[in-house]
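Coordinate inspection notes
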Amino acid sequence: MDLSSLTLLVEILDAGNLSQAARKLKMTRANVSYHLNQLEKSVGVQLVRRTTRRVEPTEVGARLYEHGRSIVNEVLAAQETIATLGQGLQGRVGLSVPSGYGQMVMSPWLLEFKRLYPGIVLDVLFENRVDDLVRDGVDIAVRVMPEPPPLLVARDLGSVRYLACASTAWAAQHGLPDSLEALRAAPVITSGVVGRQLRLRAYQGEAREEITLEPTLISEHFPFLRDAILGGLGVGLVPDYVVQDAIAAGQVLTALDHYRLSIFGTHMYLLYMPNRHQTRAVRTCIDFILGQSRG
């Protein structure tokens, strides 16, 4: 067994299927399959279980993967040390951040990070996808969710509070909803609806209620939602960071404050792969984001 065979196994299991591994390795799928078969013949046991969509390691394959991942990480670390010897901090960091939180909270952080580390290339995606968060080209993902995926390292960035809110003009004309049932009758402005309906969870202590709403205005662009709320188009169901300055200025009023409201979850997490080699640039970015969230 040589290093290239071990690297091949690591790439296949990281990719999750032969086709994706082939694209990353710039090989044909048949070639990847052939080399995997040769590796399994050389060790005398099956290392990977193949299905139509995914590959999963056998018990022996998982153990061999751990050794291979450690070796690959050490090689990458050595290459990085040589490449950056005598130079300032360099490298590339791929970030996937939520569209709203990324635009309205993280953008100033990331711009400051770039000023501090001009040699680092930042590749930032503003997206809300929840499947395959950390994939090729993405080193770090930030998401709001009830619980982080079990296979990823999760660093808590703090809680997210959702508000029911409206402009003072709208509240003066229509009145703020004073119950969850009253919210059903209001024109709701929010994000992230699948189909036409929104499932809103509301907590009071240990008690939980859930209602289904049909929003009148939906967007993943949070500045647009903010403008709609300030423009008096209805009741917003948005994270507090979207309107907190408008609340402080007396432009927006909140309702249902005795509830803890949730749409996607109540915590923000920074996520990354547990076994993937982290360059100095990625580690520095993770520490910077964690510092900003606590500051």
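This write-up is about the structure you can find in this document. Just so it is clear, the model here is predicted, and its values are computed rather than measured.

Describing the overall build of the protein chain
Across its full length, the protein chain carries 10 helices and 15 strands. Dimensions of the protein chain, computed from the C-alpha atoms along their principal axes, are close to 75 × 45 × 35 Å. The long-range fraction of contacts in the protein chain, counting pairs at least 24 apart against all pairs at least 6 apart in sequence, stands at 75%. Carbon and sulfur atoms make up 51% of the accessible area of the protein chain, which totals about 15400 Å².

A few points about the nonpolar core
With 59 residues, the main nonpolar core has Leu183 and Leu237 as its most contacted residues. With seven residues, the single largest contributor to this core is helix α10 (residues 280–294). Non-local contacts of leucine 237, meaning those with residues more than four positions away in its chain, are made with Tyr162, Leu163, Ala164, Leu183, Val188, Ile189, Thr190, Leu198, Leu200, Leu213, Leu261 and Ile263. Core analysis: the second largest hydrophobic core is formed by 18 residues, Val10, Leu18, Val32 and Leu47 among them.

Digging into the packing of aromatic side chains
Taken as a whole and judged by the stated rule, the model has four aromatic pairs. Relative to tyrosine 117, the ring of phenylalanine 113 has its centre 4.9 Å away and its plane inclined at 45°; by these criteria the two rings are tilted. Note on tyrosine 117: relative accessible area 25%, which makes it partly exposed. A connected cluster of aromatic rings, assembled from ring pairs, spans Tyr101, Trp109 and Tyr241.

Section: the pairing of strand β10 (residues 207–213)
As defined by bridge partners, strand β9 (residues 198–204) adjoins β10 across seven bridges and the pair is classed as antiparallel. Of the residues in β10, the one forming a bridge with arginine 199 is threonine 212.

Conventions adopted
- Residues numbered from 1 in each chain as written.
- Predicted model: local features only at pLDDT ≥ 70, side-chain atom pairs only at ≥ 80, totals over all residues.
- Heavy atoms only, no water.
- Helix = DSSP H or I, 4+ residues; strand = E, 2+ residues; numbered from the N terminus.
- Contact = heavy atoms within 4.5 Å.
- Areas by Shrake-Rupley, 256 points an atom, 1.4 Å probe, with all protein chains shown as cover.
- Core = buried A, V, L, I, M, F, W, Y, C linked by side-chain atoms within 4.5 Å.
- Buried < 20%, exposed > 50% of the residue type's maximum accessible area, 1.4 Å probe, protein only.
- Phe/Tyr/Trp six-rings, centres within 6.5 Å; stacked < 30°, edge-to-face > 60°.
- Pairing = 2+ DSSP bridges.

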